[in-house]
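What follows is each chain in one-letter form.
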Protein chains: 2
Amino acid sequence: MRFPTAAAGDGSDAINRGDYSATYVSLKTDEGVEGAGFTFTNGRGNEITCAAVRALAHHVVGRSMADIAAEPVAFWRSLAADAQLRWLGPEKGVIHMATGAIVNAVWDLRAKLEGKPLWKLLAEMPTDELVRNIDFRHITDALTPDEAAAILDKGLSSLDDRRTVLEREGFPSYTTSVGWLGYPDDKVRSLTRQAYAEGWRAMKMKVGGPIDDDVRRARVIREEIGPDALLMMDANQVWDVDEAIANMARLAEFDPYWIEEPTHADDVLGHARIQRAVAPIRVATGEVAANRVIFKQLLQAEAIGVMQIDACRVGGVNEVLAEILMAARFGVPICPHAGGVGLCELVQHLAVFDYLRVGTTLSGRMVEYVDHLHEHFTDPVRTRGGRYLLPSEPGYSATIKPASIAEFSFPEGPAWR
Amino acid sequence: MRFPTAAAGDGSDAINRGDYSATYVSLKTDEGVEGAGFTFTNGRGNEITCAAVRALAHHVVGRSMADIAAEPVAFWRSLAADAQLRWLGPEKGVIHMATGAIVNAVWDLRAKLEGKPLWKLLAEMPTDELVRNIDFRHITDALTPDEAAAILDKGLSSLDDRRTVLEREGFPSYTTSVGWLGYPDDKVRSLTRQAYAEGWRAMKMKVGGPIDDDVRRARVIREEIGPDALLMMDANQVWDVDEAIANMARLAEFDPYWIEEPTHADDVLGHARIQRAVAPIRVATGEVAANRVIFKQLLQAEAIGVMQIDACRVGGVNEVLAEILMAARFGVPICPHAGGVGLCELVQHLAVFDYLRVGTTLSGRMVEYVDHLHEHFTDPVRTRGGRYLLPSEPGYSATIKPASIAEFSFPEGPAWR
């Protein structure tokens, strides 16, 4: 699917432009239950991830949910380490995103079959089963199965109390809808004022254009939100390492809480150097971190102060479980990346699981919120006063309405003809 | 194209299996000159890289060679940072390999138009033009344009003497044809004996199966080649970090010169730990290093003792130039990855350029040699006594014979029908 978001400047940043797209996977059981999953992409890129899903589909078509649940890592590896496709990665980019779309659909299906929202399915899952769902290959130097089990066992205590907190208050979040690079200053100011009035006390702006423009826009937002609300900045990888350090020295006067993606997503050592230079400002990254091995190194190198997991970049729920547990092991808070197509819908489940069973605190936790495209989902996110309300329907909130699928399928949908 | 290599066990290692494939790009000028480029893939993966080349093709179709040569980084970025495709990477995996196929075809075309083999075009190119062909974004903390220019200027002295050496002696190489995991011990022994008789004094075996099997096969090869010839080992990423260190402690008795891909290709910090533990055995990697940013970190972290550039994994010749110059800046020898489809044909040009203009020594330099599929190329590699002979035809030796294209096109070629 493609959605015509580019014309409005929505989603514009220092490096990405195009219509928000998604490669949508639907798995139907013989009994007619349907699991949905997707990976978020950008414009023309979506055709390539669709080709990758087709190349992987035979690993899931005809399988039974019970068999997959019984040997989850074997299933996961059949996708992530397909002997004919691994050369195209390994575990990164197009093929890994396609793996994620399929794996996410399997989890949506499973949660629906068990009649629970995904966060609840995961939070209530026995420790040994959660551990059996994680592929520890290539991360045992940072997290062993025993260490993971210890964290998950500890998370069982007071779990009901934490759920009560979420039922009462919702999950903290921040908004990115105020400061896209494509917006003029007066639009930034009015959107910031509106968001503040709605209750948001944490907002993110894009940086990475001419530095004087970034400074001017940061001043507009800080003027509107006052000294106490949090202001985050996101450079979308546009800077070199030394350039990031120099630019953050200029932007520091606006007291940013974090600088997100200050340089190339693969540059673990570069992020570490930037983190040492800009502290106490935190370095945040993750929406383009290719897999658990990159996250492992970001943690080992003390390169980040905030870890931004993504639901669709890596190999789906199983790999995100590994990432959440590694973050807990290294004491770094998780603030999931959202926006795009349906990322808010997905990551709320992951953030809630992290709080209930792994991280066990809301301190430093926020889920990104972007007010785009929720109307196409059958179980859209709901927010109140800058907080996500706990999802209650069975599944992973991944299902798109049939009418939206028909309308925005590319290129044959009426929206594109 | 697909070639039926899987049935013979050729190319089998600890993690990849399938028929060798290539996504082949042909660029024709209005005058009928044809440039060829490709990226090497594996089996079914080739359909995905083909889709990616189609998504990028509009950046090159209709352009003039003169315009591209005048603004090479702008052209390179139009592919590598396409605003709708960068989300699928950035600069890694499927989309980056597709970029490489197109960029390689552009260089083959340019070399043919100038009537020179690629190595000669590059070695004789003025320093400022070579520097203008490199995108320094995200690597200036390791190599600046001025540092690159200084290396290239220095490489101009005695260049003719070095070319005379190559014309007389050829370029050193090693063979990987003796020790694929799919071969039984007696085949390994007879192939090793044959290679030694042909003059090879450096051979590579695959490891990463059960360690006792690896030990047994290493003993067979070392028995055949004696104590002085070089034995390299390649684990194709199958080990965890601590597992690699433990296994190399057992394999050390066979005096390996390097251990290649001991763990996940993205694990810069893991390679660094392994390198510290196994020294003086060298850690080698690169055939799956996604881009120049990964190579930069491998060098910065002192994680490798041998850097294995690949001609088709990254964004083509322009990005490899950056990698060759970074290796020189950090004093690490380059031993290019080859094999697959046509990788020997391509990397010989890169290794020769490195020796003539950048590294300026043959010490520690070897090009991999695998005896597969050369018969399909119009200008195949030629070897004598374990050395590559200098290519002399204009271009990048990338052109596949029309009859082979017809025969092995997938799925419509007669070989597959």
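Residue positions are given per chain, counting from 1 as you read along its sequence in written order. Written order determines the labels here, with chains lettered from A and ligands numbered from 1. Confidence filtering applies because this is a predicted model: local features only for residues at pLDDT of at least 70, side-chain atom pairs given and counted only at 80 or more, and all residues used for totals across whole chains, interfaces and linings. To obtain the side-chain values, all non-hydrogen atoms of the structure were included, while hydrogens and water were left out.

### What to know about the packing of aromatic side chains
- Stacked, tilted and edge-to-face are the three classes applied to pairs of Phe, Tyr and Trp rings, where Trp contributes its six-membered ring and a pair requires centres within 6.5 Å; stacked means planes under 30 degrees apart, edge-to-face means over 60, and tilted covers the rest. Counted according to the given criterion, the structure contains 20 aromatic pairs over all chains.
- Their ring planes at 85 degrees and their centres at 5.3 Å tell us that Y174(B) and W258(B) sit as a pair that is edge-to-face. One end of the pair, Y174(B), is in strand β3 (residues 171-179); the other, W258(B), is in strand β6 (residues 258-260), and 84 residues separate them in sequence.
- Relative accessibility under 20% of the residue-type maximum defines a buried residue, over 50% an exposed one, and the middle range a partly exposed one, all with a 1.4 Å probe and only protein chains included. Classification of W258(B) as buried rests on a relative accessible area of 0%.
- In textbook terms, an aromatic cluster arises when at least three aromatic residues are bridged by ring pairs, as seen for Y20(A), F40(A) and W87(B).
- The aromatic ring of Y183(A) is capped on one face by K187(A), whose charged end is 4.0 Å from the ring centroid. Helix and strand definitions follow DSSP, with helices as H or I runs of at least four residues and strands as E runs of at least two, each counted in order from the N terminus. Here, over-ring charges are defined by two tests on the NZ atom of lysine or the CZ atom of arginine: distance to the ring centre within 6 Å, and angle to the ring normal within 35 degrees.

### Some points on the packing of helix α8 (residues 159-169) of chain A against helix α15 (residues 343-359) of chain A
Residues and elements named next belong to chain A.
- At a minimum axis distance of 9 Å, the contact between α8 and α15 shows a crossing angle of 145 degrees. Side by side, α8 and α15 meet where L159, R162, R163, V165 and L166 of the first sit next to V352, Y355, L356 and R357 of the second.
- Residue polarity follows a fixed list, in which Ala, Val, Leu, Ile, Met, Phe, Trp, Tyr, Cys and Pro are nonpolar, Asp, Glu, Lys and Arg are charged, and the others, Gly among them, are polar. Residues belonging to the contact of α8 with α15 are distributed by class as follows: six nonpolar, no polar and three charged. Think of each axis as a best-fit line through the C-alpha atoms, taken over the contacting stretch in the case of a helix, with angles from 0 to 180 degrees between the N-to-C directions. Contacts are assigned to residue pairs that have any heavy atoms within 4.5 Å of one another.

### Notes on the pairing of strand β3 (residues 171-179) of chain A
Residues and elements named next belong to chain A.
- In terms of burial, β3 is a largely internal element, nine of the nine residues being buried.
- The rule for pairing is simple: two strands pair if DSSP sees at least two bridges between them. Here β3 runs beside strand β11 (residues 387-388); their pairing, made up of two bridges, is antiparallel. Considered in β11, the bridge of F171 is made with Y388.
- As judged from the three bridges shared by β3 and strand β9 (residues 367-369), these two strands associate in the parallel manner. Its bridge partner lying in β9, T175 is registered against Y369.
- Pairing geometry for β3 and strand β4 (residues 202-206), over two bridges, is parallel.

### Details of the side chain of T41(B)
- You can see T41(B) is positioned in strand β2 (residues 34-42).
- By the criterion applied in these results, polar contacts are pairs of N or O atoms within 3.5 Å in which, for protein atoms, one can donate a hydrogen and the other can accept it, and in which residues neighboring in sequence qualify only through two side-chain atoms. Only 2.8 Å separates the side chain of T41(B) from the side chain of N46(B), close enough to count as a polar contact.
- Residues within four places of T41(B) in sequence aside, it is in contact with W87(A), L88(A), D19(B), Y20(B), S21(B), A22(B), N46(B), T49(B) and M97(B).

### A few points about the UniProt feature "domain: Mandelate racemase/muconate lactonizing enzyme C-terminal" (unreviewed entry) in chain A
- UniProt positions are given in the numbering used here, feature names are shortened, and annotations may be inferred rather than shown by experiment. The UniProt entry lists residues 185-281 of chain A under the feature "domain: Mandelate racemase/muconate lactonizing enzyme C-terminal" (unreviewed entry), expressed in the numbering used here.
- Annotated as residues 185-281 of chain A, this span is 53% helix and 15% strand, and its ends, taken at the C-alpha atoms, are 25 Å apart.

### Topic: the relation of the copies chain B and chain A
- Superposition of the copies used a least-squares fit over C-alpha atoms from residues whose pLDDT is at least 70 in both. Overlaying chain B on chain A yields an RMSD of 0.0 Å, the required transformation being a rotation through 180 degrees with an accompanying axial translation of 0.0 Å. Here the symmetry operator amounts to a two-fold rotation axis.

### A short note on helix α1 (residues 45-56) of chain B
- The terminal C-alpha atoms of α1(B), which comprises twelve residues, lie 17 Å apart, in line with the 16 Å expected from a rise of 1.5 Å per residue.
- The buried fraction of α1(B) amounts to nine of the twelve residues, a majority that puts the element mostly inside the structure.
- For α1(B), the complete set of buried residues consists of G45(B), N46(B), I48(B), T49(B), A51(B), A52(B), V53(B), A55(B) and L56(B).
- Check the buried side of α1(B) and you find it contacts α1 (45-56) and α4 (93-113) of chain A together with β1 (20-28), β2, α3 (72-80) and α4 (93-113) of chain B. Each helix should span, by expectation, one fewer than its residue count multiplied by 1.5 Å.

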